[in-house]
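# Geometric and topological summary
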Amino acid sequence: MRLDGNGMSMDMGRKGIILAGVFVVYLMTACAESPDSEERGGIRVAVGESADRESRREEDAVGRPADGAKDSGDGSASGEFPGDGNAAAEGGFPESETAENGTPEHAFEREALEILEECADARMQQTIETGSGTLLSIDAQVKMEGITGVSRYEYVLTDITEEIRRALFRAVFPETADQAEYDERNDVWTLDVDSAIRNYFLYQISYTNGGATIPGEQIIVLENRYYDLYPFEDNRLASVSHSGIEIAVEEAEDRCRQVVDSLADTGDYGTDFVHAYGTRGRRPYLKLVFKRMLDGMPVTAYNDLAFLFDNEGIERVCGSLFSVEELGLDRKLLSPGEAVGKLQDQAAFLNLEGADQVVSQIALEYVVVTSPEGQILVTPVWRFLLGKEEEERNFLRQKILGIDALTGELIWEERGHTL
């Protein structure tokens, strides 16, 4: 279980796991062909053919020849790997390409894609009582559109260079970037907007955002020091549609994306969520968070690129850049059904802050985590997206409720809410 550095406690003493009022309906389109089912760990799954498929999958995992039959991940889903269910038998994994543990190279990656194919558009329903007495009601569809692969990566820190600083200033201030002044004593840059009222932008490199982060990671901070945009929860609006921003959200996204493209040459960043601020007559603005995409999935890091945007334009840019080195999978990917079981098993460690919550969508995404050995990893996680519908899911997007799809470890924390 991971710890949330922002006060969301996950390190409470292990209590007896309270599982009450559990009702499960686990439906998968790929499982519908199997006529039999049984209860496994509180989750109803299809059986029958799947037992044979499980046997074949275990054989494949140790490099034995496949028999051409359909295979299934864990009995909870069935179906052929997209394209060719018998690729292993036809030389998809040559015997010479083996990992140190004797498993054929890329066998786990291929099996992971097979699980995703089988589980696409599955629907799960379950109610879990947490250790704090609140209820987590899951009535969710498994969404996996656009995923092109599943792997695991090492998160590699990127230093913020002067070249990056110049590119940022040119993107945000195309007409006045060359007017920026460097303060050598404080190692910061400033750019005046209106010196008479001390309206100016300050640029510096920070090493913490006030919450959980990666030691030593450099964080870009460019902000207007004149306006107080008040980035607290009592200033956040429930819907972006209630924003007082006169500029369309799409236009704000386009302008921020130009800055992202100037900072990162990977071309694979996307807008992850947009929040609106400005209650009780305060200055209205939008917070736009961009995340890097890998294998068609967003990567939730500790310091994603975030923008504050008001009617004057970009008022703040904050975030880190990173690269990755692929490590590959060293074990089987959990299915969505297994992830629900892991979530149920660790329900005693969930503190929903005194309120019942609803999960309306389950998605496989990448999340940056720290291994017990201190290695920074980009790992696949089954995320249980909180909220009854899309607008509420967007509002709660910074809250990460998930199960590490490789280790089965609970992740319950909040990121991207500190400024």
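Everything in this summary refers to the structure shown in the same document. (Residues numbered from 1 in each chain as written. Predicted model: local features only at pLDDT ≥ 70, side-chain atom pairs only at ≥ 80, totals over all residues. Heavy atoms only, no water.)

## As for the overall build of the protein chain
Test applied: Strands here are runs of E lasting at least two residues and helices are runs of H or I lasting at least four, both read from the DSSP assignment and numbered beginning at the N terminus. Working definition: with a 1.4 Å probe on protein chains only, accessible area under 20% of the residue-type maximum means buried, over 50% means exposed, and in between means partly exposed. The criterion used for residue contact is that any of the two residues' heavy atoms lie within 4.5 Å. Only the protein chains shown count as cover for residues, with accessible areas throughout obtained via the Shrake-Rupley method and a probe of 1.4 Å.
Counting its secondary structure elements, the protein chain contains 6 helices and 20 strands. Burial status across the protein chain gives 52% buried among its 419 residues. When contacts within the protein chain are restricted to residue pairs at least 6 apart in sequence, long-range pairs at least 24 apart make up 65% of them. If you sum the accessible surface of the protein chain, you get close to 18900 Å²; carbon and sulfur atoms cover 46% of it.

## Regarding the pairing of strand β20 (residues 410-414)
Under the convention used in this document: When DSSP finds at least two bridges between two strands, those strands are taken to pair.
In terms of burial, β20 is largely enclosed, as 5 of its 5 residues are buried. Of the two faces of β20, the one carrying L410, W412 and E414 and the one carrying I411 and E413 are both buried. Two strands pair when backbone bridges link them, and strand β19 (residues 399-404) and β20 are joined in this way by 5 bridges, in the antiparallel orientation. Paired with K399 across the two strands is E414, which belongs to β20. If you look at the hairpin formed by β19 and β20, you'll find 5 residues sitting between the two strands, and G408 has a positive phi there, around 80 degrees.

## Some details on the side chain of N199
Worth spelling out the cut-off: Polar contact is defined as a pair of N or O atoms within 3.5 Å, subject to the rule that within protein one atom must be able to donate a hydrogen and the other to accept it, and that residues adjacent in sequence are counted only when both atoms are side-chain atoms.
By the element assignment, N199 lies in strand β9 (residues 199-206). There is a polar contact of 3.1 Å between the side chain of N199 and the side chain of N224.

## Quick look at helix α4 (residues 249-263)
Which entries qualify depends on this criterion: A helix is expected to span 1.5 Å multiplied by its residue count minus one. The arc in question is the one spanned by the directions pointing from the helix axis to the C-beta atoms.
The end-to-end C-alpha distance of α4, which contains 15 residues, comes to 21 Å, matching closely the 21 Å that a straight helix rising 1.5 Å per residue would cover. Three or more residues of α4 are buried, namely A252, C256, V259, V260 and L263. Across the axial projection of α4, the buried residues extend over an arc of 105 degrees, all falling on one side. Residues of α4 that are exposed and angled more than 90 degrees away from the buried face: E250 and Q258. Here the buried face of α4 lies against α3 (162-172), β10 (219-224), β11 (269-277), β12 (285-294), β14 (305-310) and β15 (313-319).

## Structural notes on the layout of surface pockets
To be explicit about the condition: Lining residues are those with an atom within 4 Å of a point, where the points come from a 1 Å grid over the protein atoms alone and group into cavities, where a 1.4 Å probe fits but cannot get out, or pockets, open sets with protein on both sides within 12 Å along at least five of seven lines. Grid points are joined across faces, edges and corners, and a volume is the space filled by probe spheres set on the points. Under this grouping Gly is polar, as are all residues other than the nonpolar Ala, Val, Leu, Ile, Met, Phe, Trp, Tyr, Cys and Pro and the charged Asp, Glu, Lys and Arg.
There is about 640 Å³ of room inside the largest pocket. Lining the largest pocket are 26 residues; nearest its centre among them are D272, Q361, E365, L385 and R397. The residue inventory of the lining of the largest pocket, partitioned by class, reads 12 nonpolar, 4 polar and 10 charged.

## Focus on the pairing of β9
Taking burial as the measure, the 8 residues of β9 include 6 buried ones, the bulk of the element. Where strand β8 (residues 188-194) and β9 come together, 5 bridges link them in antiparallel fashion. Bridge pairing in β9 places D192 opposite Y200. Counting the residues between successive antiparallel strands, the hairpin from β8 to β9 contains 4 residues, one of them, R198, with a positive phi of roughly 55 degrees.

## Describing the packing of aromatic side chains
Inclusion rule: Any two of the Phe, Tyr and Trp rings considered here, Trp counted by its six-membered ring, make a pair once their centres fall within 6.5 Å; the pair's planes then place it as stacked at under 30 degrees, edge-to-face at over 60, or tilted in between.
Across all of its chains, the model carries 10 aromatic pairs by this definition. Judged by centre distance (4.6 Å) and plane angle (25 degrees), the ring pair of Y155 and F322 falls under stacked. Here Y155, found in strand β6 (residues 153-157), pairs with F322, found in strand β16 (residues 322-326); they are 167 residues apart in sequence, far enough to count as distant. Pairwise contacts between aromatic rings join F169, F173, F201 and Y203 into one cluster.

## A word on the environment of E223
Checked against the element boundaries, E223 lands in strand β10. For the pair E223 and L202, spaced 21 residues apart in sequence, the C-alpha to C-alpha distance is 5.5 Å. In this view, E223 contacts Y200, F201, L202, E315 and R316; residues no more than four positions away in its chain are not counted. For E223, the side chain forms a polar contact with the side chain of R316, separated by 3.0 Å.

## Observations regarding the pattern of salt bridges
Test applied: Note on definitions: salt bridges are taken to be side-chain nitrogens of Lys or Arg within 4 Å of carboxyl oxygens of Asp or Glu.
Tallied over the entire structure, the rule returns 21 salt bridges. Of the charged contacts, one joins E223 and R225 as a salt bridge, the two residues approaching to 2.8 Å between their closest N and O atoms. Classification of E223 as buried rests on a relative accessible area of 14%. When salt bridges with common partners are traced through the structure, they connect D272, K291, E365, R383 and R397 into a single cluster.

## Describing unusual backbone geometry
Its identity is not glycine, yet R198 carries a phi of approximately 55 degrees, on the positive side. Here Y230, not a glycine, exhibits a phi torsion of approximately 50 degrees, which is positive. Within the element layout of this structure, Y230 appears in the loop between β10 and α4.

## Observations regarding the nonpolar core
What counts is decided by this rule: Each nonpolar core is a collection of buried residues, namely Ala, Val, Leu, Ile, Met, Phe, Trp, Tyr and Cys, held together in the definition by side-chain atoms within 4.5 Å.
Within the largest apolar cluster, 87 residues are counted, with the highest numbers of intra-cluster contacts made by L136, F307, L343, W382, F384 and L401. If we ignore the near neighbours within four places in the chain, the residues touching L401 are L136, L343, L350, V359, W382, R383, F384, L386, L410, I411 and W412. Of all hydrophobic cores here, the second largest spans 6 residues; its members include V367, L377, I400 and I411.

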